[in-house]
Amino acid sequence: MTASTAGILALVVASASAFTTAPSNMVTRSSSVVVSPFPRTQLQVAASEAATTSIKQVPHGGGDLVDLMVQSEEEKEAAIARATVELQASPRQLCDVELIMNGGFTPLTGFMEEAVYKHVVDNMELPDGTIFGLPVVFDTNDDDLQPGTTVLLKQGDLPIATIDLTDKYLPDKAYECKKCYGTSELEHPGSLMVATERGKYYMGAKVTGLNFPIREFPCKTPAQVRAELPPGKDVVAFQCRNPVHRAHYELFTRALDDPLVEEGGVVLVHPTCGPTQADDIPGEVRYKTYEVLKEETANPRVLWEYLPYSMHMAGPREAIQHMIIRKNFGCTHFIVGRDMAGSKSSVTGEDYYGAYEAQDMAKANSERLGVKPVPSLNLVYTEEVGYTTDEDAKEKGLHIMKLSGTKFRQMLRGGEDIPEWFAFKSVVKVLRDNM
């Protein structure tokens, strides 16, 4: 079994160098790497203008949805000509810059300067009081890169954005991790990322968008998603980073029956397909499982889109970040799962967050966010009535069916039939085909 196969089996049940030719006035440096199937067109511009008026939810911060993409080839060429340094963007930087460019991080219009960064770290809000879960920063190890420089960020040969650097600072990374993740231990995947993946310096920067990154999975912009949502209806977001199994499907479809959700609402299943934990299932495999499940279920009240987001595994504060992003995509409600965006120590295996910390954080900040949290039901499968809540099953003395993660992985590896009450056949096939 390969290492990647072992990683897929282990997690299937869990809910730089520069190589392009630079213009003569441009210094080429490296930072790591992978066009949007949805290029900016007149239709996209029209969708952006209509997106904030046809649905219930307003963009985060109360203003317009941010859109930093240039609107013509002439503008694109002019922006590129201004750049004097070229960098290859890392996978995480590609996610962050895309969400800045397309408005997923509205009201941000660039990477955070030091004062904004510190305010978010300390207060979980922007200086104007707008709640914001985690800092969004541009990192570098380049001692020579200075404010006043215009950098061209690229993905291979594809120009993604220009960034006008505005300041440079040495972050207190241990403090950042302690405030944002609740710990600075390297056993936490977020702390490990900040310590070992991010560069020595952070830099503030204004962003101009040129092209969206090429990905294995299509990522529509907030404006494009908003334009496809049913007008005037509640939209319940479901965030996940692993394949969807039966219990997940039951959970997000039953969320539409919650008293908080008005009649006629829909679910937006919006998986993150960017970098997560090192041993998570690869994004392209996750994407394939979602696509086959979308086809198998064909539920008109369930919409599927994909998010180029880089996970921090930051628990409660990341739940806030997810709610902000989904608000910008037009969602009015958000399903907050048990131990959402949680993580365990790589040494002790102990959870860093309590099972309901993310739910409590979401409830406490719901009014400021303008998004209603929908609690995640604790569902179990019973012989008598199928899926029901654990409380109901115990109260009625129903026989609860269980399949451990270890047993499921053994059955998957051994080619045994997986109970359909546990997993969808189409999803199982994709997982087996990619082992």
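Residues numbered from 1 in each chain as written. Predicted model: local features only at pLDDT ≥ 70, side-chain atom pairs only at ≥ 80, totals over all residues. Heavy atoms only, no water.

Draft legend 1. Molecular detail of the environment of Thr388. Here Thr388 is to be found in strand β14 (residues 386–389). Owing to a relative accessible area of 10%, Thr388 belongs among the buried residues under this scheme. Distance from Thr388 to Leu377, taken between C-alpha atoms, is 9.0 Å for residues 11 residues apart in sequence. Excluding residues that lie within four positions of it along the chain, Thr388 makes contacts with Arg254, Asn378, Leu379, Val380, Thr382, Ala393 and Leu398. A polar contact of 2.8 Å, which involves the side chain of Thr388, links it to the side chain of Asp392. (Helix = DSSP H or I, 4+ residues; strand = E, 2+ residues; numbered from the N terminus. Buried < 20%, exposed > 50% of the residue type's maximum accessible area, 1.4 Å probe, protein only. Contact = heavy atoms within 4.5 Å. Polar contact = N/O pair within 3.5 Å; in protein donor to acceptor, adjacent residues only side chain to side chain.)

Draft legend 2. Geometry of the packing of helix α10 (residues 283–297) against helix α16 (residues 425–433). Between α10 and α16, whose axes approach to 8 Å, the crossing angle comes to 155°. Regarding the angle of α10 to α16, the classification is roughly antiparallel. Where α10 crosses over α16, the handedness of that crossing is right-handed. Contact with α10, carried on its side by Val285, Lys288, Thr289, Val292, Leu293 and Glu296, involves Lys425, Ser426, Val427, Val430 and Leu431 of α16 and no other residues of that element. Classifying every residue of the contact of α10 with α16 by side-chain character gives six nonpolar, two polar and three charged. (Axes fitted to C-alpha atoms, helices over the stretch in contact; angles between N-to-C directions. Parallel < 35°, antiparallel > 145°, perpendicular 65-115°, else oblique. Left-handed = near helix turned anticlockwise from the far one by under 90°. Nonpolar A, V, L, I, M, F, W, Y, C, P; charged D, E, K, R; others polar.)

Draft legend 3. Structural detail: the pattern of salt bridges. This model, assessed by the stated rule, comprises 19 salt bridges. Ionic pairing is found between Lys56 and Glu262, a salt bridge with its closest N-O pair at 3.4 Å. Here Glu262 lies in the loop between α9 (246–254) and β9 (266–269) and Lys56 lies in the loop between α2 (42–54) and α3 (73–82), a separation of 206 residues in the sequence. Note on Lys56: relative accessible area 36%, which makes it partly exposed. As a salt-bridge pair, Arg92 and Glu197 come within 2.9 Å of each other at their nearest N and O atoms. Residue Arg92 is located in helix α4 (residues 91–102), and its partner Glu197 is located in the loop between α7 (189–196) and β7 (201–209); the two are separated by 105 residues in the primary sequence. Using a relative accessible area of 14% as the deciding quantity, one classes Arg92 as buried. (Salt bridge = Lys/Arg side-chain N within 4 Å of Asp/Glu carboxyl O.)

Draft legend 4. The arrangement of the sheet that holds strand β11 (residues 333–336) in detail. Across the sheet, five strands lie side by side as β10-β9-β8-β11-β12; this open sheet has parallel pairing. The two strands at the open ends of the sheet, each matched to only one other strand, are β10 (302–304) and β12 (372–375). Neighbour-to-neighbour, the strand axes of the sheet open up by a mean angle of 30°, direction not taken into account. Pairing of strand β8 (residues 235–238) with β9, which is carried by four bridges, proceeds in the parallel orientation. By the bridge assignment for β9, Ala237 is matched with Leu268. (Pairing = 2+ DSSP bridges.)

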